[in-house]
Amino acid sequence: MKSFGEHRGRTISVVALLLGATLVAGCTSSGSVGGSGGSSGGSSGGSSGAGKLSSGKFTSTQAFDSQKISWGACTSEPPDDPTADLSAFQCGSVVVPLDYANLSGKDVTLALVKWPAADPANKVGSLLTNPGGPGASGVDFVEESKSEFDGALHAHYDIIGFDPRGLGRSDPITCLDDKTQDKLYEQDPPKDATARANKAAQDSKTLAAACEKNSGALLPYVGSKYVAQDMDLMRQVLGDKKLNYLGISYGTYIGSVYAEEFPANVGRMVLDGAVDPNADQLESNVQQQVGFEKSLEKFASDCVTNYAAQCPLSGSPTAAAQQLGHFIDGLQDKPLQTDDPSRPLDATLGWTGVIIGLYGDVGSDWWKYLRDALTKAMKNGDGSELLAGADQYDGRDAQGHYSTEQNGLIAVRCADFTTPAPSPSAVQNAYSQLKSGASILNSNLAPGDLAQPMCANWPFQTTEKPHQIKAQGSDTILVVGTTDDPATPYQNAVNLANGFANARLLTRVGTGHAAFGSGNQCAQSAMEAYLVSGTLPAQGTRCTA
């Protein structure tokens, strides 16, 4: 299946909504629209499965750090590109302690992939990568993004992807069966605000209970602090003196936490599409929705202005955006047929299929997908293409199986942040901002939809709180922000860079999520120059192309 080479992230999530969070910070993953979803199958080391963790393989820090990775052939294609040639890659696994305070307890097996450096004589070391989510597969990311790493990065680095603990091919979190997840994602919430709140509360309890039953041993240990410790263990096993790292979207939060925990071990670190670790979660969610509304308006304007003959929308750019919103909202009462008679396209799936397209930029394949999918839906009454986009976003493959991505998303977020119920004034302020700045995405919003504390029913309540990360003593961290990034607003990058004791901000001027692989050669070259040679872009650099 064709890989568009664009980065996508996670935003409106049904699972997240059930836990009181209107939006979730994005991930990135190259991929195609076609309903292939994610996979929990393994191309590396193999996992013992949630609730079946092994124990006692190593009992000391030295033993964990000195283990050897048995690299071998990769045997499972990434789900978004099942025809990918994996012959250049090597797969393996590394064992980490479930709890670093109890090295003789349970172990977790992490899946890794390596694309060996093309120029070993001039190799800088290993470049660890994470595409975000939280919940996206780092193994899939590297295997699907070969063209984006090719060139200077691949010449000088072993490109390393890994599936964080609880996710993908690593020992995974499991919660609901596939058919129950279908019901969760394919059922529009009640129009009545009280009924909607009651259903959300019940579904939240059902989800939390299922996760605790099937993966209770893992849930307290999947937060980014544990992932940071895993990354430092991987750094040592891979033989690197310092960690060289490319983190995108939520991968920037993982990188920030690593820098906070191990500042002296930070090497050349690039954080692209930043999450602000000090942000108020409700306000952050509001700003993300406002960002996606702007992206929707820009898409609609581009559609009617530059693609009038192929665009199903009409009128002024503002009218076209509203037309799109009315059509998708109307699917709640009149779902569309799809190529699967048992799965009509309702408003929930319709919006999910729209949102995934809004991660693109002007001229991108994601915007072409969205034009085509909307044309098929609005002109032909066929929701198949939007359903395919929704399935990819939700991690559902053509056989109806779900990846671990959505389970991992909520588990990691709840391990990283729990949010108390916001004050009435905070709720009203958020409601006012959404109704004025994101009214198309929130046509049926009620204040009560914003009043629930995030992770209220989650069985594990973390003590972690949002805070500024300074990482005093680290090498310079390159933070990259895109001015009209809908998933991780530009101000996040500004705040993150200003919070670090030693950082440089690089600005990409444009739309779409993150700069890496966006086609902006100025930004791509700047990131590569820092990772390969340590050369930072000039202070205040803004990349327009």
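Every value quoted in this text rests on a predicted model; they were computed, and no experiment measured them.

### Some points on the side chain of Gln281
Turning to its location among the elements, Gln281 is positioned in helix α10 (residues 281-306). Engagement of the side chain of Gln281 in a polar contact is seen with the backbone oxygen of Ala279, the distance being 3.1 Å. Contact partners of Gln281, with chain neighbours within four places excluded, come to Arg413, Phe417, Thr419 and Pro466.

### What about the packing of aromatic side chains?
The full count for this structure, using the stated rule, is 11 aromatic pairs. Aromatic side chains Tyr250 and Tyr253 sit 5.4 Å apart centroid to centroid with 40 degrees between the ring planes, which places their arrangement in the tilted category. Within this pair, Tyr250 and its partner Tyr253 are both found in helix α9 (residues 250-261), separated by 3 residues, close to a single helical turn. Accessibility assignment for this pair places Tyr250 and Tyr253 in one class, buried. Plain terms: the ring middles of Trp366 and Tyr369 are 5.9 Å apart, the flat faces sit at 90 degrees to each other, and that makes the pair edge-to-face. Note that Trp366 and Tyr369 are positioned in helix α13 (residues 365-380) at a spacing of 3 residues, about one turn of the helix.

### Description of the packing of α10 against helix α16 (residues 424-437)
It is at 9 Å that the axes of α10 and α16 come closest, and there the two elements cross at 5 degrees. By the criterion of interaxial angle, the relationship of α10 to α16 is roughly parallel. Residue-level inspection shows Leu282, Glu283, Val286, Gln287, Gln289, Val290 and Glu293 of α10 in contact with α16, the latter providing Ala426, Asn429, Ala430, Gln433, Leu434 and Gly437.

### A look at the nonpolar core
Among the nonpolar cores identified, the biggest contains 67 residues, and Met231, Trp458 and Val479 are the most heavily contacted of them. Discounting residues that sit within four places of it in the chain, Val479 has contacts with Leu271, Ala274, Ala493, Leu496, Ala497, Phe500, Arg504, Leu505 and Leu506. Counting residues in each nonpolar core, the second largest holds 37 residues, with Leu296, Ile328, Leu358 and Leu387 among its members.

### Re the state of the cysteines
Enumeration over the complete set of coordinates arrives at 5 disulfides. Put simply, Cys414 and Cys455 are joined by a disulfide, and their sulfur atoms are 2.1 Å apart. Looking down the S-S bond of the Cys414 and Cys455 bridge, the torsion is -90 degrees, so its handedness is left-handed. Pair noted here: Cys414 is in helix α15 (residues 405-416) and Cys455 is in the loop between α16 and β8 (477-484), with a separation of 41 residues, a long-range link. Taken individually, Cys414 and Cys455 each receive the classification buried, so the pair is uniform in this respect. What connects to what in the protein chain, once the bonded cysteines are numbered by sequence position, is 1-2, 3-4, 5-6, 7-8, 9-10.

### A word on the pairing of strand β2 (residues 90-97)
Where burial is concerned, most of β2 is hidden: 6 out of the 8 residues are buried. Examined bridge by bridge, strand β1 (residues 72-73) and β2 share 2 bridges and lie antiparallel to one another. Paired with Ala73 across the bridge in β2 is Gln90. Two elements, β2 and strand β3 (residues 107-115), share 8 bridges in a ladder whose sense is antiparallel. Following the sheet pairing, Ser93 is matched in β3 by Ala111.

### Considering the pattern of salt bridges
Counted under the stated rule, the structure contains 18 salt bridges. Measuring nitrogen to oxygen at the nearest pair gives 2.8 Å for the salt bridge that ties Asp391 to Arg343. Taken together, the positions of Asp391 in helix α14 (residues 384-394) and Arg343 in the loop between α11 (317-330) and α12 (347-357) put the pair 48 residues apart, joining distant regions of the chain. Summarising the burial analysis for this pair, Asp391 and Arg343 share the class buried. We note a salt bridge from Asp372 to Lys368, for which the minimum N-O separation is 2.9 Å. Of this pair, Asp372 and Lys368 both sit in helix α13, 4 residues apart, which is roughly one turn of that helix. The class for Lys368 is partly exposed, based on a relative accessible area of 41%. The structure contains a network of salt bridges with shared partners spanning Asp182, Arg343, Asp391 and Arg396.

### Looking at unusual backbone geometry
What you tend to see is this: most non-glycine residues have negative phi, and most peptide bonds are trans. Between Gly133 and Pro134 the backbone carries a cis peptide bond, its omega angle lying at -5 degrees. Inspection of the secondary structure assignment puts Pro134 in the loop between β4 (125-130) and α3 (138-144). Residue Ser249 is not a glycine yet carries a positive backbone phi of 55 degrees. In this fold, Ser249 is placed in the loop between β6 (243-248) and α9. The exposure class assigned to Ser249 is buried, which follows from its relative accessible area of 0%. Even without being glycine, Ala471 reaches a positive phi, approximately 55 degrees. The residue Ala471 is located in the loop between α16 and β8 in this model.

Definitions and cut-offs
- Residues numbered from 1 in each chain as written.
- Predicted model: local features only at pLDDT ≥ 70, side-chain atom pairs only at ≥ 80, totals over all residues.
- Heavy atoms only, no water.
- Helix = DSSP H or I, 4+ residues; strand = E, 2+ residues; numbered from the N terminus.
- Polar contact = N/O pair within 3.5 Å; in protein donor to acceptor, adjacent residues only side chain to side chain.
- Contact = heavy atoms within 4.5 Å.
- Phe/Tyr/Trp six-rings, centres within 6.5 Å; stacked < 30°, edge-to-face > 60°.
- Buried < 20%, exposed > 50% of the residue type's maximum accessible area, 1.4 Å probe, protein only.
- Axes fitted to C-alpha atoms, helices over the stretch in contact; angles between N-to-C directions.
- Parallel < 35°, antiparallel > 145°, perpendicular 65-115°, else oblique.
- Core = buried A, V, L, I, M, F, W, Y, C linked by side-chain atoms within 4.5 Å.
- Disulfide = S-S within 2.5 Å.
- Pairing = 2+ DSSP bridges.
- Salt bridge = Lys/Arg side-chain N within 4 Å of Asp/Glu carboxyl O.

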